[in-house]
Amino acid sequence: MRLPTAVPQMGQIFESAVVARVDPGLGLLLQLPMEPEAGVGFAHVSNLSDRDLSKSDITKKFTVGTTVRARVIGFRLVDGMCAMTLKDSVLSQQVYSVKDLYPGQHLEVTVLDQTPAGLVVAITQNLKALVPKIHMTDSGVLTEGSKLPSKLKPGKTVAARVLSVDPVHKRVQMTLKKGLVGSKLPVITDVRQAVAGMKVHGVVTGVAAYGVFVGLYGGLSGLLPKSQLDLLPGQEPADVYTQGQLIRCQIASVDLRKGKLILKPSVKKSGEADEQTAAAAAAAGPWGGLDAGSLVDGGVVQ
């Protein structure tokens, strides 16, 4: 079984599909303007409008030879034609299939359910995505047994951003972190896009004694070596950094052969305190890690 010679893309919209036949009880047979030959589509009565149409409504609304706006929603292999819809709600969708998505894309999604892996959200009625646990909230990772914030209850609509897209397995991951959703920094998904000095936002995916692993987009990640961290004396990376923490980094070096990125804390403009330094100080407590009896160097300021 195969498709006709002319095969449109899933989700493709035809602005001027020609009505070839009207069957009020079944639907419309459509001729799709394509090269090298016209395609054939069929829109079932349930896909002619967002409201219910009677047989008389269909007869009045559609006549042979007129043109309609229609979208491909599937393929009928047995009949050798495409399944179509004329519903305005589907025609207006920015995204219809996984192929319409790309890392960094901003979307409004609807929360469906919480699973051990994260939050399941709906991009469209037929397209779902996973928000990993470390990307569900701004504060990091929700502890086991924690209740979902009210804004993440099923049915709620939230602003999200695409993290990665796997068109082969039709898997999509997204983030709800405001720092990533609202970030103006570049989105890189491949080590070949990275340039030394480029600043990026990422999320801590792991912490080791030798550094911090930072997740970017498209499954790309980099390492913040311990030597690059603004740690206070006696501090370890785990004292300051936690999984799910949003951080701003600068690319220190790129190893194209090994496909590795080495990162370093970014320097903010206008003398703003670097967020890694601030995090280190906060983790050390109000006295910056000093204990009674500690020796320090100081100078008279007033």
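Looking only at helices and strands, the chain features five helices and 15 strands. Evaluated residue by residue, the chain yields a buried proportion of 40% over its 302 residues. Partitioning the contacts of the chain with sequence separation of at least 6, the portion at a separation of at least 24 is 55%. Total accessible area on the chain stands at roughly 17,000 Å², and carbon and sulfur atoms take up 53% of it.

This part takes up the packing of aromatic side chains. For any pair of aromatic rings, geometry is given as the distance between the ring centres together with the angle between the planes. A complete count under the given rule lists one aromatic pair for this structure. Arranged with centres 6.0 Å apart and planes meeting at 90°, the rings of Tyr 210 and Phe 213 form a pair that is edge-to-face. In this structure Phe 213 comes out as partly exposed when scored by relative accessible area, which is 30%.

The next point concerns the pairing of strand 3 (residues 39-44). Direction of pairing for strand 2 (residues 27-32) relative to strand 3: antiparallel, over a ladder of six bridges. When the sheet's bridge partners are listed, Leu 28 is paired in strand 3 with Ala 43. In the sheet, strand 3 pairs with strand 5 (residues 81-85) via two bridges, with the strands oriented parallel. In the strand pairing of strand 5, Gly 41 is matched with Cys 82.

This next bit is on the environment of Gly 155. Turning to its location among the elements, Gly 155 is positioned in the loop between strand 8 (128-132) and strand 9 (157-166). Sequence-wise, Gly 155 and Thr 110 are 45 residues apart; in three dimensions their C-alpha atoms are separated by 5.9 Å. When sequence neighbours within four positions are dropped, the list of residues in contact with Gly 155 reads Thr 110 and Val 111.

A surface patch of nonpolar side chains, about 230 Å² in accessible area, is lined by Met 10, Phe 75 and Leu 77. As for its placement among the helices and strands, Met 10 is situated in the segment before strand 1 (13-23). The class for Met 10 is partly exposed, based on a relative accessible area of 34%.

Here we come to unusual backbone geometry. Of note, the phi angle at Lys 170 is positive, near 55°, even though the residue is not glycine. As for its placement among the helices and strands, Lys 170 is situated in the loop between strand 9 and strand 10 (171-175).

Let's shift gears to the pairing of strand 5. Along strand 5, five of the five residues are buried, which leaves the element largely enclosed by surrounding structure. With five bridges connecting them, strand 4 (residues 67-76) and strand 5 associate as antiparallel partners. Looking at the pairing, Phe 75 lines up with Cys 82 of strand 5. In this structure, the hairpin formed by strand 4 and strand 5 is closed by a connection of four residues, where Gly 80 is found at a positive phi of approximately 65°.

As enumerated under the stated definition, the model contains three salt bridges in all. In this structure, the salt-bridge partner of Glu 15 is Arg 69, at a minimum N-O distance of 2.8 Å. Placement of the pair is Glu 15 in strand 1 and Arg 69 in strand 4, with a sequence separation of 54 residues. When the shortest N-O distance is used, the salt bridge between Arg 192 and Asp 190 registers 2.8 Å.

Here we come to the confidence of the model for the chain. On average, residues of the chain score 84 in pLDDT, and 84% of them are at 70 or above. Per-element mean pLDDT across the chain ranges from 42 in helix 5 (residues 275-284) up to 96 in strand 12 (residues 211-215). Every residue in residues 271-297 is under pLDDT 50, and counting partners more than four places away or in other chains gives 32 contacts.

What follows covers the nonpolar core. In terms of nonpolar packing, the biggest core is built from 22 residues, with Leu 101, Leu 107, Val 109, Leu 119, Ile 123, Val 172 and Met 174 touching the most fellow members. Where this core is concerned, the elements lending two or more residues are strand 6 (106-115), strand 7 (118-122), strand 8, strand 9 and strand 10. Setting aside its immediate chain neighbours within four residues, Ile 123 contacts Val 95, Leu 101, Leu 107, Glu 108, Val 109, Ala 129, Val 172 and Met 174. Judged by nonpolar contacts, the second largest core, of 20 residues, contains Val 214, Leu 220, Leu 229 and Leu 261.

Summarising the element assignment, Thr 175 is placed in strand 10. Polar contacts involving the side chain of Thr 175 include one to the side chain of His 135, which spans 2.8 Å. Ignoring anything within four residues of it in the chain, the contact list for Thr 175 reads Val 131, His 135, Ala 159, Ala 160, Arg 161, Leu 163, Leu 180 and Val 181.

About the criteria used
- Residues numbered from 1 in each chain as written.
- Predicted model: local features only at pLDDT ≥ 70, side-chain atom pairs only at ≥ 80, totals over all residues.
- Heavy atoms only, no water.
- Helix = DSSP H or I, 4+ residues; strand = E, 2+ residues; numbered from the N terminus.
- Buried < 20%, exposed > 50% of the residue type's maximum accessible area, 1.4 Å probe, protein only.
- Contact = heavy atoms within 4.5 Å.
- Areas by Shrake-Rupley, 256 points an atom, 1.4 Å probe, with all protein chains shown as cover.
- Phe/Tyr/Trp six-rings, centres within 6.5 Å; stacked < 30°, edge-to-face > 60°.
- Pairing = 2+ DSSP bridges.
- Patch = residues over 30% accessible without salt bridge, like charges linked within 9 Å, V, L, I, M, F, W, Y side chains within 5 Å.
- Salt bridge = Lys/Arg side-chain N within 4 Å of Asp/Glu carboxyl O.
- pLDDT = per-residue confidence, 0-100.
- Core = buried A, V, L, I, M, F, W, Y, C linked by side-chain atoms within 4.5 Å.
- Polar contact = N/O pair within 3.5 Å; in protein donor to acceptor, adjacent residues only side chain to side chain.

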